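# Results of the structural survey
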Amino acid sequence: MATPTIGPSIPLASTSTSPSSPKGGCMIVDSTRKGKRFPDSMSKTIPIWTCVLNRAIFNYRNRSVGGGSGSPQDRVSSDWDCSLHLPLWVSETEKLLIEDRLEGWTAELEASGADIASLALSLEKPLRPLWISQKTVIWLNEVPEYDSWDFTPIMLVSASSPSGAYQQKTTSEFSWNYIPGAGDDEESWARGLSPNLFWKHAYDVINSGPNLCNQKVADIVEKDRVYRAQRGGNASQISVRPSKFSRTLDDLPIKQPMELEVPNLDENKDSSSSSTLDNSTIFWLDLTNVAVGATRLAMEISCSDSLLTCAGESLSRCLENAEAYLHLQIVSSKFDRFSLFRNLPYALDFARLNLRQGKRLIICCNDGQDISICVCLAILVSLFNDKGQFDDGKSFSETHMTKSELRRRLVFICKFAVTARPSRGNLKQVFNYLSGGSAGNASSK
C-alpha cells in the first residue's frame, strides 16, 4: 500500500501494517529485492519518521506547557527520546547527513497542519523501531515485560530472504513459492481477495490448507461480489486464469507464478470495504460543501446534490438537473499515467459550475480512497482559499503552487477522509496539472 510524498519531505513506506496492539505499538511488514535483508523503507524511511514524530510531539508539549494550557498528558518528560535510531548497517556518515535534516523535516510536518495534538494525547511513550528478519533469533523468556519498556515499539518485519529472487520454500508440512517484493502487486497473487476481506475470513483461509486454499478464496470473493451486487454496489466479476498444472502448491513450477486477470483493477480494489464500511464513508470536508466517498453510496445521496463519479460505470439515477451529474472514466496511474491529468479540466469546470450555485458536491470513485481524493485535492486548491472557503479560484490565481501547499491541503482532506490513500502517481498528476506542466512531465516529477 503505497503512501505518496509531495516535494522535499520524507517518503512514507510501501508496507502492510497490522492492527495496533491494545498496549500500543504496531507491526509493519515489507519485503525487498534479492540480496538485501531489509528494504530502505525499514532501514531509513520509517526510523526517520519515528524520530520526526517524536520531535514534533516533544515540541508540541513544550509549547502547551509553556503557554499554561497543557493537560497532565501534555507534560514534557525529561527522558522523552528524540534521537534517531537506525540499524547497525547504516553508516555513521549517512546517519550524520540524516540528522542534519531532522529539524527541517520536523518543521515541515508542523507546518503541514497535521494533527499532532491528538497524537501527543494518545502516545504515552516515544516511538522506536525494532528490526526483525528471517534470521532474527528471539529468546521469548528474555523479552522484558511491555510495561518496562521506555518506548512504543514499531516492529519492522522483513519477509525477504537474503538470497534468491524466486525460490521454492519448504517446511515439514507445506511448500510455497517465494517472490520478493510481490506484496505491492497484490493483483498478481491475491485472486481478488482484499485486505479487509482476508482478515474477515483469515482463519477460514488458513484452515483450508494448501490444496483447498484457492477454492476457498474463490468462494469468499464470489460471495462478497454477490452480496454487493444484490445491494446495487459495484461488483465486477474477477476471473483467474487457470493453470495447466495441478492446483496443489507442491506441484506449482518454480518459474511459473500464478497469474490473475482483472478486467478493471479499480473496480475490484478494496472490494470488502463495500460490505464492511457503513454510510459514514461519505466524508464531508468541514464546511466546504465538498465530500468524498465510495461510488456505491452515491445512490443514497439526495438529488439536490451535485455528483461527480470518477471511475467505474456511469450511474443510472435521476437528477433534477442534468448539469448536476458528471461521470469521468479515470483509471489508476498503474494503467494510464495521464488519465487523471487529462480529466481534471472537466472535473474542475463541473465543480465550479455547481459550487457557484451553492450546491453540495460529492466526489466518488470505486473505493473512495485514491482517485476521488486526488480530484478533490485539485478542486480544493483551485477553487478554495486556505481557510476552506469557496472563492472561485481567486486565491489560486494569486498563488504560486508549491508542493508544500499541495501537501498542506492533502493533510486537510485526510483529517476528514480518514480512509484516504492517494497513490503517488495520481498525486504527481495533480501537482503537474496545477503547476501548469504538461502531461509528459507528470511521470518525471
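Residues numbered from 1 in each chain as written. Predicted model: local features only at pLDDT ≥ 70, side-chain atom pairs only at ≥ 80, totals over all residues. Heavy atoms only, no water.

The protein has the name tRNA A64-2'-O-ribosylphosphate transferase-like isoform X3 in an unreviewed UniProt entry, where Coffea arabica is given as its organism.

### Observations concerning the overall build of the protein
Heads up, the condition is: What counts as a helix is a DSSP run of H or I of at least four residues, what counts as a strand is a run of E of at least two, and both are numbered from the N terminus. For each residue, the accessible area found with a 1.4 Å probe, counting protein chains only, is set against the maximum for its type, and the residue is called buried under 20%, exposed over 50%, and partly exposed in between. For this analysis, residues touch if any pair of their heavy atoms sits within 4.5 Å.
For the protein, the count of helices and strands is 14 helices and 13 strands. Of all 445 residues assigned to the protein, the portion counted as buried reaches 44%. Counting only contacts in the protein whose residues sit at least 6 apart along the sequence, the fraction spanning at least 24 positions is 66%.

### Examining the pattern of salt bridges
Stated precisely, the cut-off is as follows: Whenever Lys or Arg places a side-chain nitrogen within 4 Å of a carboxyl oxygen from Asp or Glu, that contact is recorded as a salt bridge.
If you walk through the whole model with that rule in mind, you get twelve salt bridges. Between Glu222 and Arg225 there is a salt bridge whose closest N-O contact spans 2.9 Å. Here the residue Glu222 and the residue Arg225 both occupy positions in helix 7 (residues 209-230), the gap between them amounting to three residues, near one helical turn. With relative accessibility at 16%, the residue Arg225 sits in the buried group. Linking Asp305 and Arg360 is a salt bridge whose minimum nitrogen-to-oxygen distance equals 2.7 Å. Remark: Arg360 occurs in the loop between helix 10 (339-356) and strand 13 (361-365) and Asp305 occurs in the loop between strand 10 (290-294) and strand 11 (306-309); sequence separation between them is 55 residues. Note on Asp305: relative accessible area 4%, which makes it buried.

### Observations regarding the sheet that holds strand 9 (residues 283-284)
Which entries qualify depends on this criterion: Paired strands are those between which DSSP finds at least two bridges. To define axes, lines are fitted to C-alpha atoms, for helices over the stretch in contact only, and angles between the resulting N-to-C directions are given on a 0 to 180 degree scale.
Taken in spatial order, the five strands of this open sheet run 9-10-13-11-12, and their pairing is mixed. Strand pairing shows two members of the sheet lacking a second neighbour, strand 9 and strand 12 (325-327), which therefore form its edges. Inspection of the sheet shows strand 11 paired to strand 12 by three bridges, in the parallel sense. Directly across from Leu307, in strand 12, lies its bridge partner Tyr325. Of the strands in this sheet, strand 10, strand 11 and strand 13 touch helix 11 (residues 371-383), which is tilted by about 145 degrees from strand 13.

### Concerning the pairing of strand 11
Burial along strand 11 is two-sided: Ser306 and Leu308 facing one way and Leu307 and Thr309 facing the other are all buried. Pairing of strand 11 with strand 13 involves four bridges; the strand directions are parallel. Bridge assignment links Ser306 to a residue of strand 13, and that residue is Leu361.

### Quick look at the environment of Pro422
Considering the arrangement of structural elements, one finds Pro422 in the loop between helix 13 (403-416) and helix 14 (424-434). Considered as a pair, Pro422 and Asp370 are 52 residues apart in the sequence and their alpha carbons are 4.1 Å apart.

### Some details on the nonpolar core
Selection rule: Each nonpolar core is a collection of buried residues, namely Ala, Val, Leu, Ile, Met, Phe, Trp, Tyr and Cys, held together in the definition by side-chain atoms within 4.5 Å.
Ranked by internal contacts, the top residues of the largest apolar core, which has 41 residues, are Leu308, Ile363, Val375, Ile379 and Val430. Listing elements by their share of this core, those giving two or more residues are strand 10, helix 10, strand 13, helix 11, helix 13 and helix 14. Broken down by element, the residue count for this core peaks at eleven residues, all from helix 11. Formed by 26 residues, the second largest nonpolar core is a distinct cluster that contains Cys26, Leu84, Val90 and Ala120.

### Description of the packing of aromatic side chains
Rule in force here: By convention, a stacked pair of Phe, Tyr or Trp rings (six-membered ring in the case of Trp) has centres within 6.5 Å and planes under 30 degrees apart, an edge-to-face pair has planes over 60 apart, and any other such pair is tilted.
Applying the stated criterion across every chain, the model contains seven aromatic pairs. For the pair Phe38 and Trp89, a centre-to-centre distance of 5.1 Å together with 20 degrees between the ring planes defines the contact as stacked. With Phe38 in the loop between strand 2 (26-30) and helix 1 (40-66) and Trp89 in the loop between helix 1 and helix 2 (92-99), the pair connects residues that are 51 residues apart, well separated along the chain. Taking relative accessible area as the criterion, Phe38 reaches 5% and is therefore assigned buried. Taken together through their ring pairs, the aromatic side chains of Phe38, Trp89 and Trp131 make up a single cluster.

### Details of the side chain of Arg409
Structurally, Arg409 is set in helix 13. Judged by its relative accessible area of 9%, Arg409 falls in the buried class. Beyond its immediate chain neighbours, meaning those up to four positions away, Arg409 contacts Leu377, Leu380, Val381, Phe384, Asn385 and Asp386.

### Regarding unusual backbone geometry
One non-glycine residue, Asp286, lies in positive phi territory at about 55 degrees. Following the sequence through the fold, Asp286 ends up in the loop between strand 9 and strand 10. Here Asn289, not a glycine, exhibits a phi torsion of approximately 70 degrees, which is positive. Positionally, Asn289 belongs in the loop between strand 9 and strand 10.

### Structural notes on the packing of helix 11 against helix 14
Selection rule: The cut-offs work like this: below 35 degrees is roughly parallel, past 145 is roughly antiparallel, 65 to 115 is roughly perpendicular, and the gaps in between are oblique. Note on convention: near helix rotated counterclockwise from far helix by under a right angle means a left-handed crossing. Clockwise means right-handed. In this count, Pro and Cys sit with the nonpolar residues alongside Ala, Val, Leu, Ile, Met, Phe, Trp and Tyr, while Asp, Glu, Lys and Arg are called charged and the others, Gly among them, polar.
With their axes 9 Å apart at the nearest point, helix 11 and helix 14 run at an angle of 20 degrees to one another. By the angle class used here, helix 11 and helix 14 are roughly parallel. Of the two possible hands of crossing, helix 11 and helix 14 adopt the one that is right-handed. Across the interface between the two elements, Ile371, Cys374, Leu377, Ala378, Val381 and Ser382 of helix 11 pack against Asn426, Leu427, Val430 and Leu434 of helix 14. Grouping the amino acids of the contact of helix 11 with helix 14 by side-chain chemistry returns eight nonpolar, two polar and no charged.

### A few points about a nonpolar patch on the surface
We apply this condition: Only residues whose relative accessible area exceeds 30% and that form no salt bridge are eligible for patches; like-charged ones are grouped when within 9 Å, while nonpolar side chains (Val, Leu, Ile, Met, Phe, Trp, Tyr) are grouped when within 5 Å. Where accessible areas are quoted, they stem from the Shrake-Rupley method and a 1.4 Å probe; at the residue level, only the protein chains shown are allowed to cover.
Residues Ile138, Leu140 and Val143 make up a contiguous nonpolar surface patch of roughly 310 Å² in combined accessible area. For Leu140, the location among the structural elements is in the loop between strand 3 (127-132) and strand 4 (152-158).

### Some words on helix 10
How we decide: Multiply 1.5 Å by the residue count of a helix minus one, and that product is the helix's expected span. Bend is the name given here to the angle between axes fitted to two runs of seven residues, the run ending at a residue and the run starting at it.
The end-to-end C-alpha distance of helix 10, which contains 18 residues, comes to 26 Å, matching closely the 26 Å that a straight helix rising 1.5 Å per residue would cover. Residue Pro345 marks the point of greatest curvature in helix 10, where the axis turns by about 30 degrees. Taken as a whole, helix 10 has its buried residues at Ser339, Leu340, Phe341, Asn343, Leu344, Ala347, Leu348, Phe350, Ala351, Asn354 and Leu355.

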